[in-house]
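These are the residues of each chain, in order.
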Amino acid sequence: MEVGRSIPRVDAADKVSGRAKYTDDLCPRPVLEAKILHSTIANGWVKSMDISAAQALPGVVKVLTCFDVPDIQYPTPGHPWSVEKGHQDVADRKLLSRRVRIYGEDIAAVVAEDEITAQRALELIKVEYEEYPVMLEPEQAMAEGAVAIHEEKPDNVLAKMDLRTPIADDRYENVEQVLDDPQFYQFRGHYATQQVQHCHIENPVSFAWMEAGRIHVVTSTQIPHIVRRVIGQALGIGWGNIQVIKPYIGGGFGNKQEVLYEPLNAWLTTQVGGRCVRLDVSREETFQNTRSRHPISFDVAAAVDKDGNMMARSCTAISNQGGYASHGNAIVANAITGFRQLYPDRIGHHSTAYTVYTNRPAPGAMRGYGIPQCNFAVECMMEDIALKFGFDPIELRLKNIMPLGYVDPFNGITCHSTGLAECIQKGREAIGWDELREKYKDQTGPVRRGVGMACFSYKTGVYPISLETSSARMVLNQDGTIQLHLGATEIGQGGDTVFSQMAAEAVGIPTEDVHIVSFQDTDTAPFDTGAYASRQTYVTGKAIKKVGLEFREKLLSYAAELFPEAKDLTISERFITDGAGEKLISLEELATTAFYSLEHSVHITAEGTNHCKENTFAFGCCFAEVEVDIPLGKVKVLRMINVHDSGKLINPALAAAQVHGGMSMGIGYALSEDMKFDPKTGRLLNGNLLDYKMPTSMDHPDLTALFVETDDPSGPFGNKALGEPPAIPVAPAIRNAVLSATGVAVNTLPLSPQKLVEEFTKGGLIGHV
Amino acid sequence: MMEILHCTVNNKPVEVGIDPRESLADTLRQRLGLTSVKKGCEVGECGACTVLVDGVAIDSCIYLSVWAQGKTILTVEGLQNENGELTPLQKAFVEEAAVQCGFCTPGIIMSAVEIVGSGKLYTRDELRKLISGHLCRCTGYENILNAVERAVNETHKFVGKEEE
């Protein structure tokens, strides 16, 4: 079995020896350097720009401004393109913008012979602005008389949704009546999350040049085929005129599931005669000008019966979209859906969602796509309901979790397998939940401990909300090994390794005999939309299985030509064997024969597309033990255990590593990460890795990743989503642990020392001797 | 404007023309092709550009190349022996699944070379502190610590030193 082996990553040796090439490592030098001028206001217009001094600086090749760019608005999110106009992404961005929508808007670009010259030229550009009030919060942007950030949306509401599930009890007309029914426990709550950044260690650099009349772009992206399409749309040229190459990338986490500066870079090379232009993006620009995770606020209500059954809930979510639509309403739509799905209501559910333009740097996709936000709300809510009405928090969850066979009433996504109850049990035992809850029951003093937990559900890929398609190609080598070509991308998660394992499994050869072509080149890589939505092991896995089985059949049928008398041919240990187990010919000999046979020469290859029309739910939970220093407002995570049901694991060691990384991201989300803004100017105050507090090794306990392996009938190898899920339940688990330690429920993220001291003071733990 | 930097890089004497304003990270990457030296912030916050200068781990993005005059520099490219075999430390990173996107990996390995090279044993908490100058978003540092701990322990068996 090749699937299920904990083999080392196929790219590990190259990555520990410095041979693995990332975008900037491939850039020819010398190269022209591009730098971008960012606005120093957050809302308004560029009235005029004086570039004469910049243009005159020796070494400057070209200065281009928002007055020069094509008059084309284009969409940027890494979604599959929709051929139906109504489902197409919002096209609200230009290469450089006269309309200033965020502090740091891209308003001009300089191309120079070196970076220092480019930087100096930027400083010589004089800009005159017309300025409007800064609106960083949805309430400001939605207020009467607020200036429209995009003229297409005069009220700054990009989208509004209102969804009601059918009412399953004819004594009620709507959810609100259930929520007001006095026979049920009534609960109301407000929870809110903050804006955070992906913090992949490689910034999204690119370089572009022209050759044979086409534009070539090498870029750090999760979605090379989508980048190609968007460059075509942004420049108004045929998509075939663009080649995008994606080398190894230094993390993405959703930020690179967006077309960032590639279209600008592509356009800049066309403006300097096709010479190669590098567009480096600094860490500060990555914070300010690329994507982040949406701050979302949730107003929730629930009716719970005396036995703890969830009867009905409502949820109103407001998502702060910043200055550009990016993934648009899709993220808050996913959030309200996730809020509803984990604990299906017995009578009905009502959700409302708003996506609102503001003057913040625009959030986009980030690991979990709205689910970390809604999971904070739903898992705080469950804990608060348990505490308020006297339920055991784990029993309350177990009573209400999504059952096997659940079908979502709107999108039809079905629960084909679930190990969630087993995950909860496993985590409960591993952390010693019952003993610790007892032990930490009646603490006093300034330093207290607690344990908390949270669960999640997560769909696998985007079907049926969007297209799910993936293609694969297998090509035989003379020695009987194969090349595997995919459009799916390795972004650090271990995709290449598990793809190789899946191909080997399908063909019937060792993983060592599969050579994956890691870099995607849109000229030659089969079509796949890329790494996002925890989709690739599932969606691309199906394509690999389909093509692998076809490739296997081609090997066997060629063998049948050579051995017409043999019966029941199969592949075993690098040989073609017959039904009696007799070795007939090695794969190497078969391959060499197929290439060079004078009777029948054929290059054995297989290629195909799998249009995936299935989806399934992955599950899991997080258990956290914390120590809270009340006077300091400091939370130390003592132990953390994540338990996941991601179906069958393709590579258990890499799966555990993936879980560790998600837990780490969750710790930062819970305790320290927060993009802070000056409300007067709209300027990001901590857009660097010193002031933005991403966790270091000192901020972690040892991380434990456990699994409950279900065998999902819809997965290509029984597998389902794993990439994003580990990050989801961590923040509410920590919040609930702090609640259990101190009795104080903190309803907004992050649980920073300053906020905790305020909350503990309000809660009477500080200042009352 | 240009100056000549004389130093030893990965066990070989090197003479290279540099701009006196440039960082060692840029010299190593752009003039000497040592692209294992990664840049994640260029202000000494992330640790991705860590190399050893005279055996000490430094952030090469905030270390001027002119300061390296006459010094000995080691990057990840200089670790493998002539047969191309990985060092025990590199193998530990591979086998402990301590590598994901790999962008922080060369820098952390160089800090670990310094740690392992001390010949001392360290507690897990001491190792946490010693690698805390490196930011990693993929691993939660868990398997990185496992790899460094394993390399420290293995090395200590051969060249172990008592605490000074």
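Predicted model only: the values in this text are computed from it and were never measured. Counting from 1, residues in each chain are numbered in the order their sequence is written. Here every chain gets a letter starting at A, and every ligand a number starting at 1, in the order they are written. Only residues with pLDDT of at least 70 are given local features in this predicted model, and only at 80 or more are side-chain atom pairs given and counted; all residues enter the totals for whole chains, interfaces and linings. Water and hydrogen atoms were dropped before computing side-chain values, which therefore reflect all heavy atoms in the structure.

Draft legend 1. Main features of the overall build of chain A. A tally of helices and strands in chain A yields 19 helices and 27 strands. Radius of gyration: C-alpha atoms only; globule rule: 2.2 Å multiplied by the number of residues to the exponent 0.38. Its C-alpha radius of gyration of 27 Å places chain A within 12% of the 27 Å reference for a compact globule of 769 residues. Judged by the C-alpha coordinates and their principal axes, chain A covers about 90 × 75 × 50 Å. For chain A, with 769 residues in total, the buried portion stands at 65%. Residue contacts are defined here by distance: any two heavy atoms, one from each residue, within 4.5 Å place the two residues in contact. When contacts within chain A are restricted to residue pairs at least 6 apart in sequence, those whose partners lie at least 24 apart make up 79%. Summed over all atoms, the accessible surface of chain A reaches about 26400 Å², with 52% contributed by carbon and sulfur. The helix and strand labels rest on DSSP assignments: H or I over at least four residues marks a helix, E over at least two residues marks a strand, and numbering proceeds from the N terminus. Exposure classes here rest on a 1.4 Å probe applied to the protein chains alone. A residue is buried below 20% of its type maximum, exposed above 50%, and partly exposed in between. All accessibility values rest on the Shrake-Rupley procedure with a 1.4 Å probe; residue burial counts only the protein chains present in the view.

Draft legend 2. Spatial organisation of the nonpolar core. Only buried residues count toward a nonpolar core. Its members are Ala, Val, Leu, Ile, Met, Phe, Trp, Tyr and Cys residues joined through side-chain atoms within 4.5 Å. Formed by 157 residues in total, the largest nonpolar core has its most connected members in A:F298, A:M381, A:I385, A:M640, A:I734 and B:F93. With 11 residues, helix 10 (residues 371-389) of chain A is the single largest residue contributor to this core. Leave out the neighbours within four places in its chain, and A:M640 touches A:C622, A:F623, A:A624, A:M663, A:I667, A:P701, A:D702, A:L703, A:T704, A:V730 and A:I734. In this structure, A:A34, A:A109, A:I242 and A:V281 belong to the second largest nonpolar core, which totals 52 residues.

Draft legend 3. Up close: the sheet that holds strand 4 (residues 99-100) of chain A. With respect to topology, three strands assemble into an open sheet ordered 4-2-6 (chain A), the strand pairing being antiparallel. In this open sheet, the two edge strands, each paired with only one partner strand, are strand 4 and strand 6 (126-131) of chain A. Two strands form a pair only when DSSP identifies at least two bridges running between them.

Draft legend 4. Just helix 5 (residues 142-159) of chain B, in detail. Each helix should span, by expectation, one fewer than its residue count multiplied by 1.5 Å. The first and last C-alpha atoms of helix 5 of chain B sit 26 Å apart over 18 residues, in line with the 26 Å expected at 1.5 Å per residue. Those residues of helix 5 of chain B that fall on the buried side of the exposure criterion are B:E142, B:N143, B:I144, B:L145, B:A147, B:V148, B:A151, B:V152 and B:H156.

Draft legend 5. Up close: the side chain of A:D345. Residues and elements named next belong to chain A. With respect to the secondary-structure elements, D345 resides in the loop between helix 9 (330-342) and strand 15 (348-357). Pairing of N or O atoms within 3.5 Å defines a polar contact, subject to two protein rules: one partner must be a possible hydrogen donor and the other a possible acceptor, and residues neighboring in sequence count only if both atoms are side-chain atoms. At 2.8 Å, the side chain of D345 and the side chain of R313 are in polar contact. If we ignore the near neighbours within four places in the chain, the residues touching D345 are M310, M311, A312, R313 and R340.

Draft legend 6. Inspection of the packing of aromatic side chains at higher detail. Note on aromatic contacts: the rings of Phe and Tyr and the six-membered ring of Trp form a pair at centre separations within 6.5 Å, being stacked when their planes are under 30 degrees apart, edge-to-face when over 60 apart, and tilted otherwise. One pass over the structure, following the stated rule, counts 12 aromatic pairs over all chains. Taking 6.0 Å as the distance between ring centres and 20° as the angle between the ring planes, the aromatic pair formed by A:F207 and A:W209 counts as stacked. Put simply, the rings of A:Y22, A:Y248, A:F519 and B:F103 pair up and form one aromatic cluster. Criterion for a charge above a ring: Arg CZ or Lys NZ at most 6 Å from the ring centre, at most 35 degrees from the ring normal. Taking NZ or CZ as reference, A:K306 lies 4.0 Å from the ring centre of A:Y185, over its face. We note A:K542 situated over the ring of A:Y538; from NZ or CZ to the ring centre the distance is 4.7 Å.

Draft legend 7. Looking closely at the domain arrangement of chain B. Residue and element names in this part refer to chain B. Domain segmentation is taken from an automatic or database assignment of domains. When its domains are assigned, chain B resolves into domain 1 (3-78) and domain 2 (88-159). A C-alpha centroid distance of 21 Å is found between domain 1 and domain 2. Buried area is a sum: the accessible area each of two parts loses on coming together, probed at 1.4 Å, counted once for each and added. Carbon and sulfur atoms supply 67% of the area that domain 1 and domain 2 bury against each other, a total of about 1100 Å² over both sides. Its largest share of buried area at the contact with domain 2, domain 1 owes to K38, T50 and V76, together 38% of the area lost on that side. Each reported salt bridge corresponds to a side-chain nitrogen of Lys or Arg within 4 Å of a carboxyl oxygen of Asp or Glu. The tally of links between domain 1 and domain 2 comes to zero salt bridges. Inspection of the domain 1/domain 2 interface yields three residue pairs in polar contact (both at pLDDT 80 or more). At the level of secondary structure, the elements contributing two or more residues to the side of domain 1 that touches domain 2 comprise strand 3 (50-53) and strand 4 (56-59). Examining the composition of the side of domain 1 that touches domain 2, we find that three residues originate from one element, strand 3, more than from any other. All amino acids are sorted into three groups, where Ala, Val, Leu, Ile, Met, Phe, Trp, Tyr, Cys and Pro are nonpolar, Asp, Glu, Lys and Arg are charged, and the leftover types, Gly among them, are polar. Here the residues of the side of domain 1 that touches domain 2 sort into eight nonpolar, five polar and three charged.

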